[in-house]
Amino acid sequence: MCVEAFMQKTIPDKIIEGSMIAVGIAEAAHLAALFLKQPFHICATVMAVLYLCAVLFAVLWFLIKRKKHGKQQGENRFLKLMKVYPYLYFFIGLFIVLQIIWFFWMHIPYLKADITGEIVQTMLASDGIYTVNPMTGMSYKEGMPLRLQILALPTFFAAICRWTGIPVHLLVYSMIPSVTLLLSYFVYSRWAAYLFPQEGKKQAMFMLFTVMVYQFGCYAVAMDSFLLFFKGYGGAAYRAGVILPYALLCCLQGRWKSVVLCLLAEACVVWTLYGFGYTMVIVIVVLGMKLAASLFERRKKA
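Residues numbered from 1 in each chain as written. Predicted model: local features only at pLDDT ≥ 70, side-chain atom pairs only at ≥ 80, totals over all residues. Heavy atoms only, no water.

Check the secondary structure of the protein and you find 14 helices and zero strands. Ordered by position from N to C terminus, the α and β elements of the protein give α-α-α-α-α-α-α-α-α-α-α-α-α-α. Scored against the burial criterion, the 302 residues of the protein give a buried share of 42%. Within the protein, contacts between residues separated by at least 24 positions form 70% of all contacts whose residues are at least 6 apart in sequence. Just so you have it, the protein exposes about 17,300 Å², and 70% of that area is on carbon and sulfur atoms. (Helix = DSSP H or I, 4+ residues; strand = E, 2+ residues; numbered from the N terminus. Buried < 20%, exposed > 50% of the residue type's maximum accessible area, 1.4 Å probe, protein only. Contact = heavy atoms within 4.5 Å. Areas by Shrake-Rupley, 256 points an atom, 1.4 Å probe, with all protein chains shown as cover.)

Moving on: the packing of helix H9 (residues 168-195) against helix H12 (residues 235-253). Where H9 meets H12, the axes come as close as 9 Å, and the angle between the chain directions of the two elements is 20 degrees. Here H12 runs roughly parallel to H9, going by the angle between their axes. Note on packing geometry: the crossing formed by H9 with H12 is left-handed. From H9, Thr-180, Leu-183, Ser-184, Val-187, Tyr-188, Arg-190, Trp-191 and Tyr-194 reach across to H12, where they touch Ala-237, Tyr-238, Gly-241, Val-242, Pro-245, Tyr-246, Leu-248, Leu-249, Leu-252 and Gln-253. In terms of residue class, the contact of H9 with H12 is built from 13 nonpolar, four polar and one charged. (Axes fitted to C-alpha atoms, helices over the stretch in contact; angles between N-to-C directions. Parallel < 35°, antiparallel > 145°, perpendicular 65-115°, else oblique. Left-handed = near helix turned anticlockwise from the far one by under 90°. Nonpolar A, V, L, I, M, F, W, Y, C, P; charged D, E, K, R; others polar.)

The subject of this paragraph is the packing of H9 against helix H10 (residues 200-217). Two measures define how a pair of helices packs: the angle their axes make with one another and the distance between the axes. Closest axis-to-axis distance for the H9/H10 pair is 9 Å, and the angle between their directions is 145 degrees. For the pair H9 and H10, the crossing hand works out as right-handed. Within the contact between the two elements, H9 uses Leu-181, Ser-184, Tyr-185, Tyr-188, Ser-189, Trp-191, Ala-192, Ala-193 and Leu-195 and H10 uses Gln-203, Phe-206, Met-207, Thr-210, Val-211 and Tyr-214. Looking at the contact of H9 with H10, its residues break down into 11 nonpolar, four polar and no charged.

Phi is positive for Asp-127, close to 55 degrees, though the residue is something other than glycine. By secondary structure assignment, the location of Asp-127 is in the loop between helix H6 (116-126) and helix H7 (146-149).

On the secondary structure map, Arg-190 appears in helix H9. Taking the relative accessible area as the measure of exposure, Arg-190 reaches 17% and is therefore buried. Side chain to side chain, Arg-190 and Thr-10 meet in a polar contact 3.4 Å long. (Polar contact = N/O pair within 3.5 Å; in protein donor to acceptor, adjacent residues only side chain to side chain.)

In this model helix H14 (residues 278-301) runs 35 Å from its N-terminal to its C-terminal C-alpha over 24 residues, within 8% of the 34 Å that 1.5 Å per residue would give. Turning to H14, its buried residues are Thr-279, Ile-282, Val-283 and Val-286. For H14, the elements touching its buried residues are H12 and helix H13 (256-269). (Expected span 1.5 Å × (residues − 1).)

Our focus in this paragraph is the packing of aromatic side chains. Taken as a whole and assessed by the stated rule, the structure comprises 14 aromatic pairs. Taking the centre distance of 6.1 Å and the plane angle of 50 degrees together, the rings of Tyr-51 and Phe-156 count as tilted. Of this pair, Tyr-51 sits in helix H3 (residues 40-69) while Phe-156 sits in helix H8 (residues 153-164), and the two are 105 residues apart along the sequence. Exposure remark for Tyr-51: the relative accessible area of 15% places this residue in the buried category. The class for Phe-156 is buried, based on a relative accessible area of 16%. (Phe/Tyr/Trp six-rings, centres within 6.5 Å; stacked < 30°, edge-to-face > 60°.)

In the predicted model, the protein carries a mean pLDDT of 86, and 88% of its residues have values of at least 70. Of all the helices and strands in the protein, helix H1 (residues 3-7) carries the lowest mean pLDDT, 47, while H8 carries the highest, 95. (pLDDT = per-residue confidence, 0-100.)

Now for the environment of His-169. Counting through the fold element by element, His-169 comes out in helix H9. For His-169, a relative accessible area of 37% puts it in the partly exposed group. Remark: the alpha-carbon pair of His-169 and Val-120, spanning 49 residues in sequence, is separated by 9.2 Å. For His-169, the residues in contact, after removing those within four places along its chain, are Gly-117, Glu-118, Gln-121 and Ser-174.

Shown next, in the form of structure tokens:
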């Protein structure tokens, strides 16, 4: 993706796409270690170096652009809206805080059947990537299917634990779901700006409606909020809450480089339809609708 185009995006866009780039970097280090049969600590080191290089490059580019164009003046639009509609944003913030509290203290009983934490702990203890069965503590006799081995999220979580010393269950079951939820809200804040440009009150109402749907709709298994609240550490939750709605928005806006980024991010976290996941379905549908509209306009003019 063009770096200059990335630097011209809004802050929520940069955060959303930055998370996808972070997933891509983790996937690159994971695949390199997996196919070269390197131990986990080598993978974590390579991943750390790649992240450091990416951050240094982004900071350097930002400083160059700032020196070239000068510091942007003007008040942040989000802060301005908070001043104009403080009560709406108070309730939005209150719901989000309650949801974050849920991740840290209230949802642990629902996680007893999940083994993601055990997979991460096994990687740290064995210094291997998908080499030991977390349920038995023994080496895999026939290995894991390739479609599961290429998924990098457990390796990414294990690397963060290795770098920071954060307990595995705290990171996997509380911190990561909180980040995923916030990223999802960033996506829908961009939808609010797209649907209601220059209409701050409607944007705030849209976000309040979104947090309420997430809050009270999480009891239905088919809802995106169910995945975010009960399995927010998984690739399926990241796809449902972040990748798919952002990919659809980018398709409607004609930002095809960002769409490609979404396609690659989904392939890194969830292996669906042999890598061509639901994002590809969205792209095909949107392109089909645009093609049909174009043909209709041509017939109408003819």
